[in-house]
Amino acid sequence: MRKKLIAANWKMYKTPAEAREFMQAFLPLIDGHDRDEIVICPPYIDIASVIDSARGTNIKVGAQNVFWEKDSGAFTGEVNPSMLLGAGCEYVIVGHSERRQYFGETDDTVNRRTEVALEAGLGVIACVGEVLEEREAGITEDVLRRQCARAFRGISARKAAKLVVAYEPVWAIGTGKTATPEIAANAHSVIRGEAEKSFGREFAQQLKILYGGSVKPDNANALMSQPEIDGALVGGASLKPDSFAQIVKW
Ligand code: PGA
């Protein structure tokens with residue numbers, strides 16, 4: 001059995017003080033609850049507050065993006081993997097659909113970020129997923145295969161040890177529409193198949209594939225009970241301590 005991973009993606013929400021308040025309320029709610037791995041991905045500016053508040057717990061912290069240049073340099077506004085590690089991050093989200101949609105992220109830049117972050121020793125949560133038009137046109141599987149193949153390109157199975165993939169159908173993000181467990185399970189097996197092509201069978205069997213897109217307290221159990229679903233990437237419902245705690249306790 002692969003251990004499940006429940007990750008919060010706070011997107012552009014919360015000041016450092018609000019992040020601390022969240023943690024104060026959240027920690028008692030999940031006390032003693034260590035069945036799954038829990039990762040919180042706040043905005044860069046809140047990373048220190050969350051890490052500080054999470055000290056002594058097994059909550060891990062991740063960033064929401066990372067630059068592909070591993071050495072320091074003149075890249076205004078960017079943050080490299082060593083900086084994230086130095087701040088205490090263990091994970092980073094790469095290729096989120098909002099980055100693809102609003103900030104020019106491409107399959108190629110996803111690949112560059114993934115490779116450099118893995119090489120530095122970060123766990124990478126690489127996001128893939130089809131938009132509504134692609135689903136309606138019946139090309140979801142092709143889109144997922146292409147996104148995965150390009151994200152994984154040139155990365156060895158050894159380097160990819162800390163890779164996690166998140167299947168996030170774009171039509172389900174922030175819309176209240178959730179993929180049915182069957183839709184998610186089918187997409188996950190396509191992703192696992194592509195991972196097998198790139199990294200081999202043994203790697204693919206171990207790979208964690210998360211589902212993201214309107215995961216809420218009332219649907220978390222149905223989704224997380226699917227053996228093909230190894231966890232969740234939670235946006236909106238991770239912003240409130242009680243709803244995220246309920247999801248963690250699915
Ligand atoms: P949502 O976002 O849970 O608000 O749909 C998920 C995500 O974008 O990672």
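Residues numbered from 1 in each chain as written. Predicted model: local features only at pLDDT ≥ 70, side-chain atom pairs only at ≥ 80, totals over all residues. Heavy atoms only, no water.

*Asks:* Help me understand the overall build of the protein chain in this model?
*Replies:* Within the protein chain, the regular secondary structure consists of 11 helices and 8 strands. Relative to the 2.2 N^0.38 estimate, which gives 18 Å for 250 residues, the radius of gyration of the protein chain is 17 Å and therefore close to what a compact globule would have. Principal axes of the C-alpha set define a box for the protein chain whose edges measure 45 × 45 × 35 Å. Within the protein chain, the fraction of its 250 residues that count as buried is 53%. Sequence-distant contacts in the protein chain: of pairs separated by 6 or more residues, those separated by 24 or more amount to 72%. When the accessible area of the protein chain is evaluated, it comes to approximately 11,200 Å², of which 51% is carbon and sulfur surface. In the protein chain, 30 side chains carry a positive charge and 33 a negative one; their mean positions are 2 Å apart. (Helix = DSSP H or I, 4+ residues; strand = E, 2+ residues; numbered from the N terminus. Rg over C-alpha atoms; globule rule 2.2 N^0.38 Å. Buried < 20%, exposed > 50% of the residue type's maximum accessible area, 1.4 Å probe, protein only. Contact = heavy atoms within 4.5 Å. Areas by Shrake-Rupley, 256 points an atom, 1.4 Å probe, with all protein chains shown as cover. Lys, Arg positive; Asp, Glu negative; His and termini not counted. Charge placed at Lys NZ, Arg CZ, Asp CG, Glu CD.)

*Asks:* What should I look at first to understand the site of the ligand in this one?
*Replies:* Around the ligand, a shell composed of 13 residues is seen, among which Lys11, His96, Glu168, Gly174 and Ser214 lie nearest. Here an oxygen atom of the ligand and a backbone polar atom of Gly174 are 2.7 Å apart. Among the residues forming the shell around the ligand, the class breakdown is 4 nonpolar, 7 polar and 2 charged. (Near = heavy atom within 4 Å. Polar contact = N/O pair within 3.5 Å; in protein donor to acceptor, adjacent residues only side chain to side chain. Nonpolar A, V, L, I, M, F, W, Y, C, P; charged D, E, K, R; others polar.)

*Asks:* Help me understand the pattern of salt bridges in this model?
*Replies:* Pairing of side chains with opposite charge becomes possible as their charged atoms draw close. This model, assessed by the stated rule, comprises 19 salt bridges. Residue Arg2 pairs with Asp230 through a salt bridge whose shortest N-O separation is 2.9 Å. Remark: Asp230 occurs in the loop between helix H10 (217-224) and strand S8 (231-234) and Arg2 occurs in the segment before strand S1 (5-9); sequence separation between them is 228 residues. Judged by its relative accessible area of 1%, Asp230 is buried. Across the pair Arg192 and Glu228 runs a salt bridge, and its minimum N-O distance is 3.4 Å. One end of the pair, Arg192, is in helix H8 (residues 181-199); the other, Glu228, is in the loop between H10 and S8, and 36 residues separate them in sequence. Taking relative accessible area as the criterion, Glu228 reaches 23% and is therefore assigned partly exposed. One salt-bridge network, held together by shared partners, links Arg2, Arg192, Glu228 and Asp230. (Salt bridge = Lys/Arg side-chain N within 4 Å of Asp/Glu carboxyl O.)

*Asks:* What should I look at first to understand the pairing of S8 in this one?
*Replies:* Alternating positions in S8 separate into two faces, Gly231 and Leu233 on one and Ala232 and Val234 on the other, with burial throughout. Across 4 bridges, S1 lies against S8 in parallel orientation. When the bridges of S8 are listed, Leu5 appears paired with Gly231. Strand direction decides the pairing type here: strand S7 (residues 208-212) and S8, joined by 2 bridges, are parallel. Counted as the bridge partner of Gly212 is Leu233 from S8. Chirality of the crossover, the property in question, places the unit of S7, H10 and S8 among those that are right-handed. (Pairing = 2+ DSSP bridges. Right-handed = clockwise from strand over helix to strand, strands pointing away.)

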